[in-house]
Amino acid sequence: MNLDLSKIPSHVAVIMDGNGRWAKAQGKNRLFGHKTGVKAVQKIVQESARLGIKNLTLYAFSTENWKRPEQEVTILMTLLVSSLKKELKQMTENNILFNTIGDLSKLPGPVQKELKYTIEQTQNNSGMKLTLALNYGGKEELTQAFKEIAHKVKNNIISPENVDETIINKHLYTRNLPDVDLLIRTSGEERISNFLLWKIAYAELYFTEILWPEFNESHLHLAIHNYQKRERRFGKTSEQLNA
Ligand code: FPP
């Protein structure tokens, strides 16, 4: 399949879903599903950087995921730390800048420490920005932004008339990310699940039946190919765009 390299989406976001179902279908436990999910993350990160995608944002742990059995939460946190340790070299070699969104203060200490270290070690890289959403929720992101703005209004730092999209954007975790161009969700579910609510306003949505552990480079190409065939009108008419 030929991708148009001049039309690579600048911001791709992924809801990586289906680790548990994939493991079950293999007669294995959920841990095996998540471990294989990490391998898919490695493949997709590498291929995204190679294709020239500037921003890749992955939904790794939502504010709702704390409701999972304690053992599974622990497994996900442990996998995260071991993956960060293992992948730092690759990220450095591929000039990847590592970033997070979400409220990290609720994550276990060792996870926070490893995240901070990885961010520091990659902050001068100029290639793809890889953002992991951790303890992230779109509603929570907006709520904390509005709360901060309300405080600033109260303290006369911002006047209510001046609250606009630019000001709101400046208070989001995602303030340094552009709008999402392409949002991919695996495993056949067709939901947003509280991901990047502000930044997906005009995103193209792509749903695939493939379960995350099986999602590979060719599936990513397929998603981008599908994206490249779409007409993004941003509220305009087709005629206006073609004029
Ligand atoms: C969905 O599968 C996936 C997650 C809960 C989070 C994604 C986590 C990984 C890909 C592995 C760890 C990630 C990093 C970055 C180290 P599910 O468990 O919801 O699957 P199910 O819906 O089939 O049960």
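Everything below is about the structure shown above.
Residues numbered from 1 in each chain as written. Predicted model: local features only at pLDDT ≥ 70, side-chain atom pairs only at ≥ 80, totals over all residues. Heavy atoms only, no water.

1. Quick notes on the overall build of the protein
- Per the secondary structure count, the protein includes 8 helices and 6 strands.
- Starting at the N terminus and ending at the C terminus, the protein contains elements arranged as β-α-α-β-α-β-α-β-α-α-β-β-α-α.
- For 243 residues, the compact-globule estimate of 2.2 N^0.38 gives 18 Å, and the protein sits close to it at 19 Å.
- When the backbone C-alpha atoms are referred to their principal axes, the protein occupies close to 55 × 50 × 35 Å.
- In the protein, which comprises 243 residues, the proportion classed as buried is 47%.
- Counted over contacts in the protein with a minimum sequence separation of 6, partners at least 24 positions apart contribute 76%.
- Roughly 13,200 Å² of accessible area belongs to the protein as shown, and the carbon and sulfur atoms make up 51% of that amount.
- Side-chain charges of the protein comprise 33 positive and 27 negative groups, with the mean position of each set lying 4 Å from the other. (Helix = DSSP H or I, 4+ residues; strand = E, 2+ residues; numbered from the N terminus. Rg over C-alpha atoms; globule rule 2.2 N^0.38 Å. Buried < 20%, exposed > 50% of the residue type's maximum accessible area, 1.4 Å probe, protein only. Contact = heavy atoms within 4.5 Å. Areas by Shrake-Rupley, 256 points an atom, 1.4 Å probe, with all protein chains shown as cover. Lys, Arg positive; Asp, Glu negative; His and termini not counted. Charge placed at Lys NZ, Arg CZ, Asp CG, Glu CD.)

2. A look at the site of the ligand
- Around the ligand sit 15 residues in total, of which Met16, Gly20, Arg21, Arg30 and Arg68 are the nearest.
- One nitrogen or oxygen atom from the side chain of Asp17 is found 3.1 Å from an oxygen atom belonging to the ligand.
- Take Arg30: an N or O atom from its side chain is 2.8 Å from an oxygen atom of the ligand.
- The protein chains hide 90% of the 610 Å² of surface that the ligand would expose on its own.
- When atom positions are compared with the pocket grids, the ligand is found to occupy the largest pocket.
- Going through the elements one at a time, α1 (19-25), α2 (30-51) and α3 (70-93) are the ones with two or more residues in the shell around the ligand.
- Residue classes in the shell around the ligand are distributed as 6 nonpolar, 5 polar and 4 charged. (Near = heavy atom within 4 Å. Polar contact = N/O pair within 3.5 Å; in protein donor to acceptor, adjacent residues only side chain to side chain. 1 Å grid on protein atoms, 1.4 Å probe; cavity = no way out; pocket = protein on both sides within 12 Å on 5 of 7 lines; lining within 4 Å. Sits in = over half its atoms within 2 Å of the grid points. Nonpolar A, V, L, I, M, F, W, Y, C, P; charged D, E, K, R; others polar.)

3. A short note on the packing of aromatic side chains
- Within the structure shown, the criterion is met by 8 aromatic pairs.
- Both rings, one in Trp212 and one in Phe215, keep their centres 5.3 Å apart while their planes meet at 20°; by these two values the pair is stacked. Per residue, the accessibility class of Trp212 equals that of Phe215, and both read buried.
- An aromatic cluster is defined as three or more aromatic residues linked by ring pairs; in this entry it consists of Tyr59, Tyr136, Tyr173 and Phe195.
- Over the ring of Phe32 we find Lys28; its NZ or CZ atom is 4.4 Å from the centre of that ring. (Phe/Tyr/Trp six-rings, centres within 6.5 Å; stacked < 30°, edge-to-face > 60°. Lys NZ or Arg CZ within 6 Å of the ring centre and 35° of its normal.)

4. Topic: a positive patch on the surface
- Taken together, the side chains of Lys35, Lys39, Lys43 and Lys86 present a region of like positive charge at the surface.
- Locating Lys43 in the fold gives a position in helix α2. (Patch = residues over 30% accessible without salt bridge, like charges linked within 9 Å, V, L, I, M, F, W, Y side chains within 5 Å. Salt bridge = Lys/Arg side-chain N within 4 Å of Asp/Glu carboxyl O.)

5. Some points on the packing of α2 against helix α7 (residues 217-228)
- Packing of α2 against α7 leaves a shortest axis separation of 9 Å and a crossing angle of 50°. Viewed along their axes, α2 and α7 adopt a mutual orientation that is oblique. Between α2 and α7 lies a crossing of right-handed hand. Contacts from Lys43, Ile44, Glu47, Ser48, Arg50 and Leu51 in α2 reach Glu217, Leu220, His221 and Ile224 in α7.
- Taken together, the residues of the contact of α2 with α7 break down into 4 nonpolar, 2 polar and 4 charged. (Axes fitted to C-alpha atoms, helices over the stretch in contact; angles between N-to-C directions. Parallel < 35°, antiparallel > 145°, perpendicular 65-115°, else oblique. Left-handed = near helix turned anticlockwise from the far one by under 90°.)

6. Description of the packing of α2 against α3
- Remark: α2 packs on α3, axes separated minimally by 11 Å, with the N-to-C direction vectors making an angle of 30°. Comparing the axis directions of α2 and α3 gives the class roughly parallel. You can see that α2 and α3 cross each other, and the crossing is right-handed. Counted together, Arg30, Leu31, His34, Lys35, Val38, Gln42 and Gln46 of α2 and Glu72, Ile75, Leu76, Leu79, Ser83, Lys86, Glu87 and Gln90 of α3 form the full contact between these two elements.
- By residue class, the composition of the contact of α2 with α3 is 5 nonpolar, 5 polar and 5 charged.

Fair warning: the whole summary comes from geometry, so function is off the table for now.
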